[in-house]
Amino acid sequence: MKVALIGCGFFAMNQLHGWKDIDGVKVVALCDRDEERLAVASDLFDDVRTYTDAAEMFADGGFDTVDIATTVSSHRPLVEMAAAHNVHVICQKPFALNLEDARAMVKAVEATGKTLMIHENFRWQSAVRAVIDEVRSGVIGTPFFGRVSFRSGYDVFSGQPYLAEGERFIIEDLGIHILDISRALFGDATRITATTRRINPKIKGEDVATMLLEHEGGVTSVVDCSYATRRSPETFPESLLEIDGEKGTIRLHAGYKLSVQLGDDVTERDVAPPVLDWASKPWHNIQESVRIIQQHFVDCIAAGTEPETSGRDNLQTFALVEAAYMSAKDHRTIELADL
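One structure accompanies this document, and this report is about it. Treat the numbers as computed from the prediction; the structure is a model and nothing was measured.

Rules used in this analysis
Residues numbered from 1 in each chain as written. Predicted model: local features only at pLDDT ≥ 70, side-chain atom pairs only at ≥ 80, totals over all residues. Heavy atoms only, no water. Helix = DSSP H or I, 4+ residues; strand = E, 2+ residues; numbered from the N terminus. Buried < 20%, exposed > 50% of the residue type's maximum accessible area, 1.4 Å probe, protein only. Contact = heavy atoms within 4.5 Å. Pairing = 2+ DSSP bridges. Polar contact = N/O pair within 3.5 Å; in protein donor to acceptor, adjacent residues only side chain to side chain.

## Some details on the environment of Ser280
Okay, so step 1: With respect to the element layout, Ser280 can be found in the loop between β14 (265–270) and α8 (284–303).
Okay, so step 2: A relative accessible area of 37% means that Ser280 is categorised as partly exposed.
Okay, so step 3: If near-sequence neighbours (up to four positions away) are discounted, Ser280 is found in contact with Val275 and Gln287.

## As for the pairing of β14
Okay, so step 1: The sheet contact formed by strand β13 (residues 257–262) and β14 spans 6 bridges and is antiparallel. Paired with Gln261 across the strands is Val266, a residue of β14.
Okay, so step 2: Here β13 folds back onto β14 in antiparallel fashion, the turn holding 2 residues, of which Gly263 has a positive phi close to 65°.

## Things to note about the environment of His88
Okay, so step 1: Tracing the chain through its elements places His88 in strand β5 (residues 88–91).
Okay, so step 2: Take His88: its relative accessible area is 13%, and that puts it in the buried class.
Okay, so step 3: In the structure, His88 is positioned 213 residues away from Ile301 in sequence and 8.8 Å away in space, judged by C-alpha atoms.
Okay, so step 4: Setting aside residues up to four positions removed in sequence, His88 forms contacts with Asp64, Thr65, Val66, Lys114, Thr115, Phe297 and Ile301.
Okay, so step 5: At 3.1 Å, the side chain of His88 and the backbone nitrogen of Thr115 are in polar contact.

Here it is in structure tokens:
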């Protein structure tokens, strides 16, 4: 697989390292409007073409997959450019500015017969994946309640200052991941109720969100996110999970401890992710998930199957984000079927 990557910013470096780790993949081209960032990224590779213009890169070709690691406003033109050049696409989240754009991008790539996957990597964190596997195994029977929680006081703005400037923040940037974990655990949601708050006066968007979801299978889940929570020890960037089933409970505790309780019998195991050679704590769980989701993409292309976080699947997660903002604004429950 020959990969071109567009956008060599803060998070894209993880994707570049991830591609280097995967057998049978070669990064052949990089594109970024910032020549300094482009130079830093190109130093990771012995032989890679560099561009400051995406159209020029597509015109030169020589790759079968493009990894779009740019901010959301550029996604639609870049995805449609990729579709016009008949290549597979991985696109960073949030996928689009609105549902209309998201649906248009999915349609554009599907028309080519190529694969579109959204880089929705939180469900691929190894600790989270261990919980998903336990739930899907049926060990606690049918779930009826879940909580997916991400609460932290970590300064995410120092590395990504643009996050402080948007009218939307925590649901769009972080909550989208936590909502996707809930979908991976419990299936699609039919309705959502949400509240939001802005605690940090230095940012424009919301930094606290609490969401109540009703899922198609009857599960009720609470999804809560905060970047205004002071706690010791700091748990960033861990997602903490609770699932109640008919036969027992599953918990993912702070420190990557997974417990399964059946009756009075409790088993616990350590599901801490490894620290990859190029990774660093506390980001290592997210960095590992980047490599895992990219490997999943490669495997799906080889097998001719649809990735778990395909563009079409991600429409459901994206709709939850839009519905959460509508609910918080209008103080009402939103039916997903109405979107």
